[in-house]
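# Secondary and tertiary structure notes
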Amino acid sequence: MANPRAKLSEVDPVWSRICKEAEAAIADEPLMGGLVHTSVLHHGSLECALAYRISMKLASPEMSDQMLREIADEAYLDDPKLADAARADLMAILDRDPACHRYLQPLLFFKGFQAVQAYRLGHWLWQKGRRDLAYYVQMRVSEIFGIDIHPAATIGKGLMIDHAHSIVIGETAVVGDNVSMLHSVTLGGTGKEEEDRHPKIKDGVLIGAGAKVLGNITVGACSRIAAGSVVLMDVPACKTVAGVPARIVGEAGCDQPSVSMDQLLHDKAEDQTRD
């Protein structure tokens, strides 16, 4: 008789940690029990929890949470990369945001994380040719979270949007992996052209609060854009730009600006003193 094979259950350390954090949250504050149970502990996977959370946030009298949840469940089943990106986003937020102490926080409370996951659903719909539903998701994300991301935009994994108020990302924008941006960032166009007209943000870029990056330009990998800057020309990799219009003011200062989140300019003498 053949020996039965041992079945190895799939391990999801992110989801396991979220569930432990959820149980601890209820123990600390029993009044949160209803929200935490329905949003986390009632579900068997991160995918199911995300589908529920997104559907509850985006629902309106025009479209029920049940209908939206069926759409989200279909998306997560069809494309596992959606949940993989969500896990990377969670890890990025916990790593880079000093106000975040648990994976549970972005899932329940951070509108930047929730808006990006809803955008990912809209992008999936866009790629499937379901354009009107994608526009509906975009509309509700803008109304609920104050973040306007066109569903055709391409956004990589490991994105952290801190505070996440008044973010605008245009239709032909491309954002790479492991990018960090603060509130009031715009990745926009410069006129009425209808072709490829929005910025291309490479991996590891840090974009400061209120920065505007306009036109079909490229911001090189691991560069920094200072707060309040208006970027109208290509930015080389590993540089810092600042001003209106922005110009190169120095090196990026480290290998991974989006991870270090260091937004200060250091002169060479200061760097040598530190060494």
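Cut-off values and rules
- Residues numbered from 1 in each chain as written.
- Predicted model: local features only at pLDDT ≥ 70, side-chain atom pairs only at ≥ 80, totals over all residues.
- Heavy atoms only, no water.
- Phe/Tyr/Trp six-rings, centres within 6.5 Å; stacked < 30°, edge-to-face > 60°.
- Lys NZ or Arg CZ within 6 Å of the ring centre and 35° of its normal.
- Helix = DSSP H or I, 4+ residues; strand = E, 2+ residues; numbered from the N terminus.
- Contact = heavy atoms within 4.5 Å.
- Salt bridge = Lys/Arg side-chain N within 4 Å of Asp/Glu carboxyl O.
- Buried < 20%, exposed > 50% of the residue type's maximum accessible area, 1.4 Å probe, protein only.
- Disulfide = S-S within 2.5 Å.
- Pairing = 2+ DSSP bridges.
- Core = buried A, V, L, I, M, F, W, Y, C linked by side-chain atoms within 4.5 Å.
- Axes fitted to C-alpha atoms, helices over the stretch in contact; angles between N-to-C directions.
- Parallel < 35°, antiparallel > 145°, perpendicular 65-115°, else oblique.
- Nonpolar A, V, L, I, M, F, W, Y, C, P; charged D, E, K, R; others polar.

### A short note on the packing of aromatic side chains
Inspection of the entire model under this criterion finds one aromatic pair. For the ring pair Trp126 and Tyr135, a centre distance of 5.3 Å and an interplane angle of 85 degrees mean the geometry is edge-to-face. It is Arg17 that lies over the ring of Tyr103; its NZ or CZ is 4.7 Å from the centre. For Arg131, the ring lying beneath its charged end belongs to Trp126, and the centroid distance is 4.0 Å.

### Some details on the environment of Lys157
You can see Lys157 is positioned in the loop between strand S2 (154–155) and strand S3 (160–161). Sequence separation between Lys157 and Ala83 is 74 residues, and the spatial gap between their C-alpha atoms is 10 Å. Discounting residues that sit within four places of it in the chain, Lys157 has contacts with Ala85, Ala88, Asp89, Arg120, Gly176, Asp177 and Asn178.

### Remarks on the pattern of salt bridges
Within the structure shown, the criterion is met by 13 salt bridges. A salt bridge links Asp12 to Arg87; the shortest N-O distance between them is 2.6 Å. Of this pair, Asp12 sits in the segment before helix H1 (13–28) while Arg87 is found in helix H5 (residues 81–96), placing the two residues 75 residues apart along the sequence. What makes Asp12 buried here is its relative accessible area of 18%. Residue Lys157 is joined to Asp177 by a salt bridge in which the shortest nitrogen-to-oxygen separation is 3.3 Å. Highlighted residues: Lys157 in the loop between S2 and S3 and Asp177 in the loop between strand S5 (174–175) and strand S6 (180–181), separated in sequence by 20 residues. Here Lys157 falls in the partly exposed class, since its relative accessible area comes to 43%. In the salt-bridge network here, residues are joined through shared partners; they are Asp12, Glu47, Asp84 and Arg87.

### Some points on the state of the cysteines
For the structure on display, the rule yields zero disulfides. Its sulfur unpaired, Cys238 is 5.2 Å from the next cysteine sulfur, which belongs to Cys222. With no disulfide partner, Cys254 has as its closest neighbouring cysteine sulfur the one in Cys222, 8.0 Å distant. Among the residues examined, Cys254 registers a relative accessible area of 30% and is labelled partly exposed.

### Re the sheet that holds strand S8 (residues 200–201)
Sheet architecture is open: four strands sit in the order S2-S5-S8-S11, paired in parallel fashion. Two strands in the sheet have a free side with no partner beyond their single neighbour: S2 and strand S11 (218–219). Note that S5 and S8 share two bridges and pair parallel. Directly across from Val175, in S8, lies its bridge partner Ile201.

### Some details on unusual backbone geometry
A cis amide bond, omega -5 degrees, links Val244 with the succeeding residue Pro245. For His163, which is not glycine, the phi torsion reads 70 degrees and is therefore positive. On the secondary structure map, His163 appears in the loop between S3 and strand S4 (167–169). Its relative accessible area of 56% is what places His163 among the exposed residues.

### Quick look at the nonpolar core
Grouped together as the largest cluster of nonpolar side chains are 79 residues, with contacts concentrated most on Ile18, Val40, Ile169, Met181, Leu187, Ile201 and Ile207. The element best represented in this core is helix H7 (residues 111–127), accounting for nine residues. Discounting residues that sit within four places of it in the chain, Val40 has contacts with Trp15, Ile18, Cys19, Ala22, Leu104, Leu107 and Leu108.

### Let's talk about the side chain of Asp89
Relative to the helices and strands, Asp89 resides in helix H5. Asp89 sits in the buried class, given a relative accessible area of 1%. Every residue in contact with Asp89, bar those within four places of it in the chain, is listed here: Phe113, Val116, Gln117, Arg120, Lys157, Gly158 and Leu159.

### Section: the packing of helix H4 (residues 65–78) against H7
Between H4 and H7, the shortest axis-to-axis distance is 10 Å and the interhelical angle comes to 75 degrees. In terms of axis orientation, H4 runs roughly perpendicular to H7. The segment H4 lies against H7, with Ile71, Ala72, Glu74, Ala75 and Asp78 engaging Leu121, Trp124 and Leu125. The residue inventory of the contact of H4 with H7, partitioned by class, reads six nonpolar, no polar and two charged.

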